Amino acid sequence: MNDAVGASSAFPLPLLQSGENAVIVKVGGRGELHRHLETLGFVEGADVTVVSEAAGDLIVEVKGTQVALDRSVASRIMARAAA
Amino acid sequence: MGIRIALAGNPNCGKTTMFNDLTGANQYVGNWPGVTVEKKEGKYTRDKDVIITDLPGVYSLSPYSPEEIVTRDYLLEGGPDVVINLVDATNLERNLYLTTQVLDLGLPVVVALNMMDLVRKNGDKIDVAKLSKRLGCPVVETSALKGQGMDELIKTAVDAAKKKAAPTPDLRFVAEVEGPIKQISDLLGSRVPASTARWYAIKLLEGEQRTIDSLKLPAADLKTIDAAREAMENALDDDAESAITVARYDAIGDVVAETVKKSAKGLSLTQKIDRVVTNRVLGLPIFIVVMAFVYWLAISVGTGVVTDWANDGISGDGFLYTGGGAYEEAVGAWEEEVAAAEEAGASEDELAALAEEEPDPAEFGLWIPGLGAIIGDALESAQVADWMQSLVMDGIVAGVGAVIGFIPQMIILFLLLAFLEGCGYLARVAFIMDRIFRRFGLSGKSFIPMLVASGCGVPAVMATKTIENERDRRMTIMTTTMIPCGAKMPIIALVFGAIAGGNTEETWWIAPMFYFLGVIAIIISGIMLKKTKMFAGEASPFVMELPSYHLPTVKSILLSTWERIKSYVVKAGTIIFLSTIVIWLLMNFGDAGEGFGLLDQETELQYSLMAGLGNAIGWIFAPLGFGDWQATVTSITGLVAKENVVATVGILTSVGELGETDPDMWMAFATMFGGSAAAIMAFCAFNLLCAPCFAAIGTIRRQMESAKWTWFAIGYMTVFGWAVGLMFYQLGGLALGEVSFNVWTVVALAVLAGMLFQLFRPMPAVKKAGASEELEAGAGAAA
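These numbers come from a predicted model, not from an experiment. (Residues numbered from 1 in each chain as written. Chains lettered and ligands numbered in written order. Predicted model: local features only at pLDDT ≥ 70, side-chain atom pairs only at ≥ 80, totals over all residues. Heavy atoms only, no water.)

Caption draft 1: Expanded view of the packing of aromatic side chains. Residue and element names in this part refer to chain B. Overall, the coordinates contain eleven aromatic pairs over all chains when judged by the stated rule. Note on Phe621 and Phe626: the rings are 5.2 Å apart at their centroids and 15 degrees apart in plane angle, and the pair reads as stacked. Phe626 shares its class with Phe621; the two are buried. Seen in terms of ring centroids, Tyr716 and Phe720 are 5.6 Å apart; in terms of plane orientation they differ by 20 degrees. Their pairing is stacked. (Phe/Tyr/Trp six-rings, centres within 6.5 Å; stacked < 30°, edge-to-face > 60°. Buried < 20%, exposed > 50% of the residue type's maximum accessible area, 1.4 Å probe, protein only.)

Caption draft 2: Up close: the interface of chain B and chain A. On the side of chain A, 41 residues touch chain B, which itself brings 40 residues to the contact. Carbon and sulfur atoms make up 53% of the surface buried where chain B meets chain A, a total of about 3600 Å² over both sides. Taken together, the links from chain B to chain A amount to four salt bridges. Across the pair Glu53 of chain A and Arg280 of chain B runs a salt bridge, and its minimum N-O distance is 2.7 Å. Put simply, chain B and chain A have 16 residue pairs in polar contact (both at pLDDT 80 or more) between them. Of all elements in the fold, only helix H3 (92-103), helix H11 (240-259), helix H12 (269-277), helix H19 (425-437) and strand E11 (543-546) of chain B reach the threshold of two or more residues within the side of chain B that touches chain A. The element that contributes the greatest number of residues to the side of chain B that touches chain A is H11 of chain B, accounting for five residues. A class-by-class count of the residues in the side of chain B that touches chain A yields 14 nonpolar, nine polar and 17 charged. Relative to E11 of chain B, strand E5 (residues 65-69) of chain A runs antiparallel, the two sharing four bridges. Along E11 of chain B, the bridge assignment pairs Ala68 of chain A with Met544 of chain B. (Contact = heavy atoms within 4.5 Å. Buried area = accessible area lost by both parts, 1.4 Å probe. Salt bridge = Lys/Arg side-chain N within 4 Å of Asp/Glu carboxyl O. Polar contact = N/O pair within 3.5 Å; in protein donor to acceptor, adjacent residues only side chain to side chain. Helix = DSSP H or I, 4+ residues; strand = E, 2+ residues; numbered from the N terminus. Nonpolar A, V, L, I, M, F, W, Y, C, P; charged D, E, K, R; others polar. Pairing = 2+ DSSP bridges.)

Caption draft 3: Structural detail: the sheet that holds strand E4 (residues 57-62) of chain A. Across the sheet, which stays open at both edges, the seven strands sit in the order E1(A)-E6(A)-E2(A)-E3(A)-E4(A)-E5(A)-E11(B) with antiparallel pairing between neighbours. Both edges of this open sheet fall to strand E1 (11-12) of chain A together with E11 of chain B, since each of them pairs with a single strand only. As defined by bridge partners, strand E2 (residues 21-27) of chain A adjoins strand E3 (residues 47-54) of chain A across three bridges and the pair is classed as antiparallel. By the bridge assignment for E3 of chain A, Val23 of chain A is matched with Asp47 of chain A.

Caption draft 4: Summary view of helix H6 (residues 150-163) of chain B. Residue and element names in this part refer to chain B. Here H6 contains 14 residues, and its C-alpha end-to-end distance of 20 Å stays within 8% of the 20 Å for a straight helix at 1.5 Å per residue. Residues Met150, Leu153, Ile154, Thr156, Ala157, Val158, Ala160 and Ala161 constitute the buried set of H6. In the stretch just after H6, Lys164 is the one whose phi turns positive, near 50 degrees. (Expected span 1.5 Å × (residues − 1).)

Caption draft 5: Representation of the environment of Gln148 of chain B. All names here are of chain B. Along the chain, Gln148 turns up in the loop between strand E7 (139-141) and H6. Classification of Gln148 as partly exposed rests on a relative accessible area of 43%. Taking C-alpha positions, Gln148 is 9.7 Å from Asp117, a pair spaced 31 residues apart along the chain. Excluding anything up to four places from it in sequence, Gln148 contacts Thr142 and Ser143.

Caption draft 6: Region of the structure containing a positive patch on the surface. A surface patch of positive charge is lined by Lys125, Lys130, Lys133 and Lys261 of chain B. One can find Lys130 of chain B in helix H5 (residues 128-135). (Patch = residues over 30% accessible without salt bridge, like charges linked within 9 Å, V, L, I, M, F, W, Y side chains within 5 Å. Areas by Shrake-Rupley, 256 points an atom, 1.4 Å probe, with all protein chains shown as cover. Lys, Arg positive; Asp, Glu negative; His and termini not counted. Charge placed at Lys NZ, Arg CZ, Asp CG, Glu CD.)

Caption draft 7: Up close: the domain arrangement of chain B. All names here are of chain B. Looking at chain B, the domain boundaries give domain 1 (3-163), domain 2 (175-261) and domain 3 (410-782). Taking the mean C-alpha position of each, domain 1 and domain 2 sit 25 Å from one another. Across the interface of domain 1 and domain 2, roughly 2200 Å² is buried in total on both sides, 57% from carbon and sulfur atoms. Per-residue buried area on domain 1 facing domain 2 is highest for Tyr97, Asp104 and Arg134; these three make up 30% of the total on that side. (Domains from an automatic or database assignment.)

Caption draft 8: Structural view of the side chain of Arg72 of chain B. All names here are of chain B. Following the sequence through the fold, Arg72 ends up in helix H2 (residues 66-77). Arg72 gets classed as buried once you look at its relative accessible area, which sits at 4%. Only 2.6 Å separates the side chain of Arg72 from the side chain of Glu208, close enough to count as a polar contact. Among all residues touching Arg72, those that are not within four sequence positions of it are Leu61, Ser62, Pro63, Trp199, Lys203, Glu208, Arg210 and Thr211.

Caption draft 9: Main features of the pairing of strand E4 (residues 82-88) of chain B. Residue and element names in this part refer to chain B. Counting buried positions along E4 yields seven of seven residues, so the element is predominantly enclosed. Residues Val82, Ile84, Leu86 and Asp88 line one face of E4 and the alternating positions Val83, Asn85 and Val87 line the opposite face, and both faces are buried. In the sheet, strand E1 (residues 3-9) pairs with E4 via five bridges, with the strands oriented parallel. When the sheet's bridge partners are listed, Leu7 is paired in E4 with Ile84. Where E4 lies against strand E5 (residues 109-114), six bridges are found, and the strand directions are parallel. Bridge pairing links Asp88 to Asn114 in E5. A crossover connection joins E4 to the parallel E5 through H3; in handedness this β-α-β unit is right-handed. (Right-handed = clockwise from strand over helix to strand, strands pointing away.)

Caption draft 10: Local environment of the nonpolar core. All names here are of chain B. Formed by 92 residues in total, the largest nonpolar core has its most connected members in Phe514, Phe626, Phe669, Phe673 and Phe720. Among the elements that take part in this core, helix H31 (residues 677-689) stands out by supplying eleven residues, more than any other. Residues Leu92, Leu98, Ile126 and Ile244 belong to the second largest nonpolar core, which totals 83 residues. (Core = buried A, V, L, I, M, F, W, Y, C linked by side-chain atoms within 4.5 Å.)

Caption draft 11: Molecular detail of the sheet that holds E7 of chain B. Residues and elements named next belong to chain B. With respect to topology, six strands assemble into an open sheet ordered E2-E3-E1-E4-E5-E7, the strand pairing being mixed. Each edge of the sheet is formed by a strand with only one pairing partner; in this case those strands are strand E2 (40-44) and E7. Each strand axis lies, on average, 25 degrees off the axis of its neighbour in the sheet, ignoring direction. Bridging between E5 and E7 involves three bridges; their strand directions are parallel. Of the residues in E7, the one forming a bridge with Ala112 is Val140. The strands touched by H2 are E1, E2, strand E3 (47-54) and E4; relative to E1, the strand with the most contacts, the crossing angle is about 145 degrees. (Axes fitted to C-alpha atoms, helices over the stretch in contact; angles between N-to-C directions.)

Next up, the structure:
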């Protein structure tokens, strides 16, 4: 499914630095975690801002809330640069 | 007829606070998601016919987590008359995701727009009338924290329940999704009530097995639904569930854009704080400093003024509130006089006369006699039998007194933890710790129970419920009680005193050291257990909503502190009360050669039943440096409740009423181990790490839901505690020159080598189908 995203501008979330923002393109994978992330607001087109970053673990703001993600989870979320 | 109100909302949006407001209940409120796991019921304080059910916080009504299932089952089948959907107004978009699902259930709904005061403070505006129109249900502004808007909320909810009016939301999804929903709800026709048709249609479109099973549709209909789903998935190039989630958020985005006016925003305060406290470099040091400060304050202030007061006032002779200086001087002068008289070879009569002249503290200021002294005087004047006086004074007052004397220290600790928890810092700590915990196979969420464990193991084991992954949960249950709980703090204080010998300035580090010993024991256990077949597999992913920082209310801090203190006080009044009597009996009865009977405590203690018991199993602890019966007995009573360790030392050394902060107690305790620092450390390590108290073991049994796992957990902890104690005594003692090389040194080295092997050998290949499918291959790279 990830290849549908395909655009060269999409990158996994941990590449963002503290303070940078982006727009979510896709949440990879299936199953419970995928569903949970979407429920929390990690859906296509949502704006995310990285509040804090430590070795790939992130605290991001999405849909007005701060959510902490570990690196493996954050790597599933593909984003593109904010317009 | 009563009206049943269900309280539903996102985790940590203030449901429990509101529930407490409405029902006058005092449920514990934490500032992190998932504090309420089970639903709770209460009656509205102003109208007992209104019954309110507090449901666990959920983000959606899909049936996956235990909280979601509890909430969903109650809403669908529990038959509430009306749902109050509590919505955090500062975070409308995410909260409305649940709201849009609740609105589809066909039940009357009232939305409580909570934390509106904060929205105004931020300079934002919400058009409540328009929001109410779009959601198709009444919207009431509230502030659960300040108790505002509650009456209106309940009145609106009761009205809605009486009208039985289902919401009429104006929330259309994109055409590609809305089409198939319409198609399926037409197909369902009259098989479900019209007001719930949309709920069932969406669930069938998502392909949710639970709903499909419950409706028992004919195969032809299921085929039609599958076709509709497939068509939608193809049209949107997305799986059905994701497509509906996106459509739902789109519709919400539309509502929010129309009703919310945000003021121009820079970084919020929460973000500014998080920049610092979760910083990759500063995060961990800040946490260590904060925790060291908390424990330092609890120990120094707790063992200082406050505990002195409690010890003297409750179980000691009494306490002088004013004029203390003058009294001290008078006593000093009197002591010198006595010493001088003794030196001068005064007769016994002269000394007795001098003793009469001991200054009476009551003459120097406000003197409140201690409870122990009052009871002692009362017994004496009532001419109660000597053995009975001994039972009450040496057994019960000494035992329970030592425990009660420690409460002030615990209150300070819990107040500080409650503040850290209430302001939102602890949720960040879970995030900070996740990076570390991940390396030994636990998630940062395991840290929350461990933090509670520094108060009491019972609520800590219960708090493991919020860990979704079963392996993580079991491992957390097995290790969490290794954190020094409140009841173990007196042991630490006692050991601290015994080793420091009163020199508290230079050896302050001993107390935090035992706290970190707990953490290190958990880390080592985690790594070792992770490499066994039972726990192999990837760590569960860490996803956690972080609450905004805010100042907790005084009430919430006090409630949280009381919640934790309560279990301790109840134990002091029941289990410990009884066990001090049993211990006294075991110590005072025995056969000293003249038949079974009451023993003289001065000379015949070694013949007591207790000594016999201690001697019988002392060999187990001999390699740990405390094989004599006194120390062994102390460890046994620790199983009943850890507070007993100090109480028993008190009884055994007949300085019971002094408590763990008294230098005489320290001396007596150190003498029990022949003054060996290594033996004292080994004793402390074993008692901190071995099986927890009976109450905690009972809780472990309930949470594990398996006798086998319970025994495994207890067995592991005890063996691990013994092994650590062995290494402390044999290897530490060797280094200090207190122990010479012997066969147990070899055993200790072998244990150490075994642990190191298990710690550093590569993860053995264990076939575990399905366990790690959830995670991408890159997950392990975090280390």
